[in-house]
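Here are the chains, one letter per residue:
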Amino acid sequence: QVQLVESGGGLVQAGGSLRLSCAASGGTFSNYAMGWFRQAPGKEREFVAAISQSGGSTYYADSVKGRFTISRDNAKNTVYLQMNSLKPEDTAVYYCAAHRATSYTAVVVTTNHEYGYWGQGTQVTVSS
């Protein structure tokens, strides 16, 4: 079973940047496709970005495309979310999630119900 711990959240002004990290333990990290989701107060959790097991494929929500970059370092068992040009509407708790792939075929998972493992979340607040 994989455990996930996010870090890197905080308070930033609009236009600023943050880099979130998600450290995984307890499993073979390269067997997992990874994703980032976020949940703002009063709203449902929404997909942000996803990356395949090797990092060769990525996918982004339209709302963050061109501003956010997901990456992973399988040697460090860590997935990252670089967030640039932040907007107040990016304010949310950000969660990383892991999907155990059943084959070596690269997968990018965008739906939250397909992820079996979740971190505790990290708060990102963007002030205007």
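Residues numbered from 1 in each chain as written. Predicted model: local features only at pLDDT ≥ 70, side-chain atom pairs only at ≥ 80, totals over all residues. Heavy atoms only, no water.

### Let's talk about the side chain of D90
Item 1. Secondary-structure assignment places D90 in the loop between strand 8 (78-83) and strand 9 (92-100).
Item 2. Under the relative-accessibility criterion, D90 is labelled buried at 1%.
Item 3. Leave out the neighbours within four places in its chain, and D90 touches R38, R67, F68, S85, V124 and V126. (Helix = DSSP H or I, 4+ residues; strand = E, 2+ residues; numbered from the N terminus. Buried < 20%, exposed > 50% of the residue type's maximum accessible area, 1.4 Å probe, protein only. Contact = heavy atoms within 4.5 Å.)

### Side note on the packing of aromatic side chains
Item 1. In the structure shown here, the tally under the stated rule is six aromatic pairs.
Item 2. Look at F47 and Y59: their rings are 6.1 Å apart centre to centre, the planes differ by 35°, and that puts the pair in the tilted class. Taken as a pair, F47 in strand 5 (residues 46-51) and Y59 in strand 6 (residues 58-60) lie far apart in primary sequence, 12 residues in all.
Item 3. Since its relative accessible area comes to 45%, Y59 is described here as partly exposed.
Item 4. Among the aromatic residues, those joined into a cluster by ring pairs are F37, F47, Y59, Y115 and W118.
Item 5. One Lys or Arg, R45, reaches over the ring of Y95 and ends 3.9 Å from the middle of that ring.
Item 6. Over the ring of Y59 we find K65; its NZ or CZ atom is 6.0 Å from the centre of that ring. (Phe/Tyr/Trp six-rings, centres within 6.5 Å; stacked < 30°, edge-to-face > 60°. Lys NZ or Arg CZ within 6 Å of the ring centre and 35° of its normal.)

### Some remarks on the sheet that holds strand 3 (residues 18-25)
Item 1. Pairing is antiparallel across the open sheet formed by four strands, whose spatial order is 1-3-8-7. Both outer strands of the open sheet, strand 1 (3-7) and strand 7 (68-73), are each paired with one neighbouring strand and no more. Across the sheet, the mean angle from the axis of one strand to that of its neighbour is 15°, orientation sign disregarded.
Item 2. Strand direction decides the pairing type here: strand 1 and strand 3, joined by five bridges, are antiparallel. Note that in strand 3 the partner of S7 across the bridge is S21. (Pairing = 2+ DSSP bridges. Axes fitted to C-alpha atoms, helices over the stretch in contact; angles between N-to-C directions.)

### Some remarks on the pattern of salt bridges
Item 1. Scanning the model with the defined rule gives four salt bridges in all.
Item 2. Two residues, K65 and D62, come together in a salt bridge whose shortest N-O distance is 3.1 Å.
Item 3. According to the relative accessible area criterion, K65 is partly exposed, its value standing at 48%.
Item 4. D62 sits in the exposed class, given a relative accessible area of 66%.
Item 5. When the shortest N-O distance is used, the salt bridge between D90 and R67 registers 2.7 Å. Here D90, found in the loop between strand 8 and strand 9, pairs with R67, found in the loop between strand 6 and strand 7; they are 23 residues apart in sequence, far enough to count as distant. (Salt bridge = Lys/Arg side-chain N within 4 Å of Asp/Glu carboxyl O.)

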